[in-house]
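Given next are the chains, with one letter for each unit.
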Amino acid sequence: MAKGKNANISGNQLEIAVLTVLSNKGFEIEMYRIWEKNKENYGSEILLKNVPFDTIYGHKGYTEFLLISEKYNLRIRIECKWQQRSGSVDEKLPYLYLNSIEAMPEKDVMILIDGDGFKKGAKTWLKKAVKEKLYISEKNKETNIMVFSLSDFFTWANKTFE
């Protein structure tokens, strides 16, 4: 199997885990473009897939999910990054971080990052950037970024949606 295809399968498995956990917690799941046209037909506990935003480069970007919960007062954009083998995902982490603080409209952003193929220091850099609020300005000082492994996400979901 080609490396790229294998990475996609693993990345899709990470997304499936998110879908499974949040579906089991009672969230309705829908594609953003369908929900956007028919919001009145949906409840207030929903996980939207393939959610657009305008990137720092000024073009359309998409994130895997947007979690909206009226009950828990949440609106969290969720990005999933999986790297099983060495590749280019880790090189995109600074771009993802800057988009999270500069371009994504939600105040809360969750970066779900897992797999053993990231370059040494890549995950550490991202966690440090988030902890130290690197590049945070007055404009985006309210942004809250969470960096979770898959097991961290399970723990967060279980605590949040008890």
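The structure contained in this document is the topic of the report that follows.

Each value, and the rule that gives it
- Residues numbered from 1 in each chain as written.
- Predicted model: local features only at pLDDT ≥ 70, side-chain atom pairs only at ≥ 80, totals over all residues.
- Heavy atoms only, no water.
- Helix = DSSP H or I, 4+ residues; strand = E, 2+ residues; numbered from the N terminus.
- Rg over C-alpha atoms; globule rule 2.2 N^0.38 Å.
- Buried < 20%, exposed > 50% of the residue type's maximum accessible area, 1.4 Å probe, protein only.
- Contact = heavy atoms within 4.5 Å.
- Areas by Shrake-Rupley, 256 points an atom, 1.4 Å probe, with all protein chains shown as cover.
- Lys, Arg positive; Asp, Glu negative; His and termini not counted.
- Charge placed at Lys NZ, Arg CZ, Asp CG, Glu CD.
- Phe/Tyr/Trp six-rings, centres within 6.5 Å; stacked < 30°, edge-to-face > 60°.
- Axes fitted to C-alpha atoms, helices over the stretch in contact; angles between N-to-C directions.
- Parallel < 35°, antiparallel > 145°, perpendicular 65-115°, else oblique.
- Left-handed = near helix turned anticlockwise from the far one by under 90°.
- Pairing = 2+ DSSP bridges.
- Right-handed = clockwise from strand over helix to strand, strands pointing away.

Quick word on the overall build of the chain
Counting secondary structure elements, the chain contains five helices and six strands. For the chain, the N- to C-terminal ordering of α and β elements is α-β-α-β-β-β-α-β-α-β-α. On C-alpha atoms alone, the chain measures out to a radius of gyration of 16 Å, which is about the 15 Å that the 2.2 N^0.38 rule sets for 162 residues. Its C-alpha atoms put the chain at 45 × 45 × 35 Å along the principal axes. Within the chain, the fraction of its 162 residues that count as buried is 44%. Of all intrachain contacts in the chain linking residues separated by at least 6 positions in sequence, the fraction that spans at least 24 positions is 62%. As presented, the chain carries roughly 9300 Å² of accessible surface, and 49% of it is formed by carbon and sulfur atoms. For the chain, the distance from the average position of its 25 positive side-chain charges to the average position of its 22 negative side-chain charges is 5 Å.

Quick look at the packing of aromatic side chains
Scanning the model with the defined rule gives nine aromatic pairs in all. Arranged with centres 5.9 Å apart and planes meeting at 85°, the rings of tyrosine 97 and tryptophan 125 form a pair that is edge-to-face. Here the residue tyrosine 97 occupies a position in helix H3 (residues 93-102), and tryptophan 125 occupies one in helix H4 (residues 122-131), the gap between them amounting to 28 residues. Judged by relative accessible area, tyrosine 97 falls into the buried class, the value being 1%. Each ring, one from tryptophan 156 and one from phenylalanine 161, has its centre 5.5 Å from the other, and the planes form 85°; the classification is edge-to-face. For the pair tryptophan 156 and phenylalanine 161, one class covers both residues: buried. Grouped by ring-pair contacts, the aromatic residues Phe27, Tyr72, Phe148, Phe153, Phe154, Trp156 and Phe161 constitute a single cluster.

Let's talk about the packing of H3 against H4
With their axes 10 Å apart at the nearest point, H3 and H4 run at an angle of 20° to one another. When the axis of H3 is compared with that of H4, the two are roughly parallel. As for the relative orientation of H3 and H4, their crossing is right-handed in sense. Note on element contacts: H4 touches H3 through Ala122, Trp125, Leu126, Ala129 and Val130, opposite Leu93, Pro94 and Tyr97.

Some words on the pairing of strand E2 (residues 45-54)
The pairing of strand E1 (residues 28-31) with E2 spans four bridges and is parallel. Looking across to E2, one finds that methionine 31 is bridged to lysine 49. What joins E1 to E2 is helix H2 (residues 32-37), and the crossover it makes is right-handed. By the bridge criterion, nine bridges tie E2 to strand E3 (residues 60-69) in an arrangement that is antiparallel. What sits directly across from lysine 49, in E3, is phenylalanine 65.

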